[in-house]
Amino acid sequence: MAMKNVPVTAWVAGFLAVLISYAGPLVIFIQAAQVGHVSNAELTSWIWAISMGAGVSGLLLSWWLRQPIITAWSAPGTALLLSLLPNITMPEVVGAYLTAAVIVIAIGVSGLFEKIVNFIPKGIAAGMMAGILFQFGIQAFLVSVDAPALVFAMLVAYMAGKRLWARYTIVIVALTGFVVAFAMGTTHLQALSLSMARPVFVAPQFNVGVFFSFTVPLVLVSLTGQYLPGMAVLQLAGYRVPSRAVVAGTGLASLVTACFGGITIVLAAITAALCTGKDSHPDPAKRYVAGIANGVFYLVGGTFAGTIVQVFTAVPAALIAALAGLALIGAIVSNIRIVADEAAYVEPAVITFLATASGMTLFGLGAAFWGVVFGMASYWIFGRPAKAK
């Protein structure tokens with residue numbers, strides 16, 4: 001099928017998916033860079049890496065499988081990274097990225113994806129994710145002390161967006177924040193220019209403590225919070241997804257980009273719905289072009305990652321924190337619903353949530369790891385009998 005015969009709607013869908021990713025999950029990445037005191041050059045490399053990884057993997061998988069395979073970077077994984085910085089170094093972070101990529105590739109090639117996902121109850125995984133995301137969701141309200149007018153305007157935009165244009169809420173919130181900040185004179189946009197990315201290589205370091213605190217939870221949240229719902233979106237749209245190809249392919253993209261700051265590349269879930277439905281193309285057989293378009297726009301964004309960094313560093317820190325927090329509300333709600341739906345395992349899930357949200361560190365291991373340990377322990381002790389009641 002010639003690309004010229006494809007309606008513009010498929011390309012619009014691919015563009016919107018990228019725009020929403022840059023307006024929402026990317027902001028969490030930028031906030032992590034700020035907490036970790038990462039230079040603009042390194043942040044540019046990070047954005048280049050995740051954009052190129054998502055762009056190439058999504059484009060090639062969509063073209064090869066003839067399905068709209070929408071890829072992105074692990075948003076809950078980024079929030080997890082944010083909770084650990086600055087207590088781990090960038091070489092250790094890169095080592096964790098590489099190790100996670102190898103594990104994901106092994107899972108994909110072996111065909112064990114479904115078995116591993118089913119091993120951990122959804123409530124436990126959701127409790128961990130909600131705990132990771134919770135502490136950053138509240139930042140949207142804490143920063144109101146520093147910029148009440150800005151945060152209030154963004155909150156109103158969020159509510160209005162959810163009511164009127166739910167699919168594009170984060171884009172609306174981001175635009176509102178930029179406009180209000182500009183009107184208040186708190187931006188520095190005069191120095192903006194087109195700036196191409198220059199990747200920065202970071203040699204990895206491998207640490208056992210970081211493996212359990214970051215690598216293992218990163219793989220877990222990627223499998224349960226990204227791949228699983230991403231597969232579900234595709235299946236609900238009528239596509240039979242070969243999990244081996246998708247998981248292994250995105251894992252390979254993660255491996256290649258890890259040393260340049262690229263966190264795990266995964267299946268997208270929320271933005272995928274834009275490209276798998278009728279709004280993309282009335283013919284399901286032709287919607288794969290939206291996946292190709294999505295990849296192309298990611299490649300453009302990655303090429304000019306330096307400009308993206310300029311845009312986000314030219315606005316107040318309160319705008320970034322508020323935008324990141326509001327962008328996470330949907331994910332927090334989704335995970336709370338999963339916890340509530342798993343009625344037989346609510347208590348283990350809540351234990352997981354509380355331990356993770358506490359930010360505790362024990363024996364050099366982080367809260368996400370202990371959240372899963374305590375949650376699984378309580379699940380095996382009293383969760384299984386509760387199911388039978």
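For the structure itself, look to the data block above.
This structure is a prediction, so every number in the text was calculated from the model and none was measured. (Residues numbered from 1 in each chain as written. Predicted model: local features only at pLDDT ≥ 70, side-chain atom pairs only at ≥ 80, totals over all residues. Heavy atoms only, no water.)

## Digging into the packing of helix α1 (residues 8-23) against helix α10 (residues 169-183)
Piece 1. At a minimum axis separation of 9 Å, α1 and α10 run at an interaxial angle of 55 degrees. Taken together, the axes of α1 and α10 lie oblique to each other. At the point where α1 passes α10, the crossing takes the left-handed sense. Taking contact as the criterion, the partners of Leu 19, Ile 20 and Ala 23 in α1 are, on α10, Ile 170, Val 171 and Ala 174. (Axes fitted to C-alpha atoms, helices over the stretch in contact; angles between N-to-C directions. Helix = DSSP H or I, 4+ residues; strand = E, 2+ residues; numbered from the N terminus. Parallel < 35°, antiparallel > 145°, perpendicular 65-115°, else oblique. Left-handed = near helix turned anticlockwise from the far one by under 90°. Contact = heavy atoms within 4.5 Å.)

## Focus: α10
It helps to recall that an α-helix has 3.6 residues per turn; residues three or four apart then point in one direction.
Piece 1. Helix length check: α10 (15 residues) gives 21 Å between terminal C-alpha atoms against 21 Å at 1.5 Å per residue, within 8%.
Piece 2. Buried positions along α10 lie against α1, α9 (148-164) and α16 (317-327).
Piece 3. Following α10 by one or two positions, Gly 185 has its phi on the positive side, about 75 degrees. (Expected span 1.5 Å × (residues − 1).)

## Side note on the nonpolar core
Piece 1. Counting residues in hydrophobic clusters, the biggest one holds 119 residues, and the most contacted among them are Leu 26, Tyr 97 and Phe 214.
Piece 2. Broken down by element, this core gets its largest block of residues, 10 residues, from helix α11 (residues 208-236).
Piece 3. Those residues in contact with Phe 214, other than ones at most four positions away along the chain, are Gly 77, Leu 80, Leu 81, Leu 84, Ile 88, Val 93, Ala 96 and Tyr 97. (Core = buried A, V, L, I, M, F, W, Y, C linked by side-chain atoms within 4.5 Å. Buried < 20%, exposed > 50% of the residue type's maximum accessible area, 1.4 Å probe, protein only.)

## A short note on unusual backbone geometry
Piece 1. With an omega of 0 degrees, the peptide bond running from Leu 85 to Pro 86 counts as cis.
Piece 2. The residue Pro 86 is located in the loop between α4 (75-84) and α5 (90-110) in this model.
Piece 3. The phi dihedral of His 37 falls on the positive side, at around 55 degrees, and the residue is not glycine.
Piece 4. By secondary structure assignment, the location of His 37 is in the loop between α2 (25-35) and α3 (40-65).
Piece 5. In the Ramachandran plot, Arg 66 falls in the positive-phi region, its phi being about 55 degrees despite a non-glycine side chain.
Piece 6. Overall, Arg 66 belongs to the partly exposed group, its relative accessible area being 40%.

## Digging into the environment of Ser 280
Piece 1. Within the secondary structure layout, Ser 280 lies in the loop between α13 (272-276) and α14 (288-303).
Piece 2. C-alpha of Ser 280 to C-alpha of Phe 136: the two residues are 144 residues apart in sequence and 32 Å apart in space.

## Focus on the packing of aromatic side chains
Piece 1. Under the criterion given, the structure shown has 16 aromatic pairs.
Piece 2. Taken together through their ring pairs, the aromatic side chains of Trp 11, Phe 15 and Phe 297 make up a single cluster. (Phe/Tyr/Trp six-rings, centres within 6.5 Å; stacked < 30°, edge-to-face > 60°.)

## What to know about a nonpolar patch on the surface
Piece 1. Together, Leu 194, Met 196, Val 300 and Phe 304 give the surface a local cluster of nonpolar side chains, amounting to about 420 Å² of exposed area.
Piece 2. Relative to the elements of secondary structure, Val 300 occurs in helix α14.
Piece 3. Using a relative accessible area of 44% as the deciding quantity, one classes Val 300 as partly exposed. (Patch = residues over 30% accessible without salt bridge, like charges linked within 9 Å, V, L, I, M, F, W, Y side chains within 5 Å. Areas by Shrake-Rupley, 256 points an atom, 1.4 Å probe, with all protein chains shown as cover. Salt bridge = Lys/Arg side-chain N within 4 Å of Asp/Glu carboxyl O.)

## Some details on the environment of Ile 103
Piece 1. Considering the arrangement of structural elements, one finds Ile 103 in helix α5.
Piece 2. Since its relative accessible area comes to 27%, Ile 103 is described here as partly exposed.
Piece 3. The spatial distance from the C-alpha of Ile 103 to the C-alpha of Leu 220 is 11 Å, given a sequence separation of 117 residues.
Piece 4. The residues touching Ile 103, leaving out its near neighbours within four places in the chain, are Phe 211, Thr 215 and Val 219.

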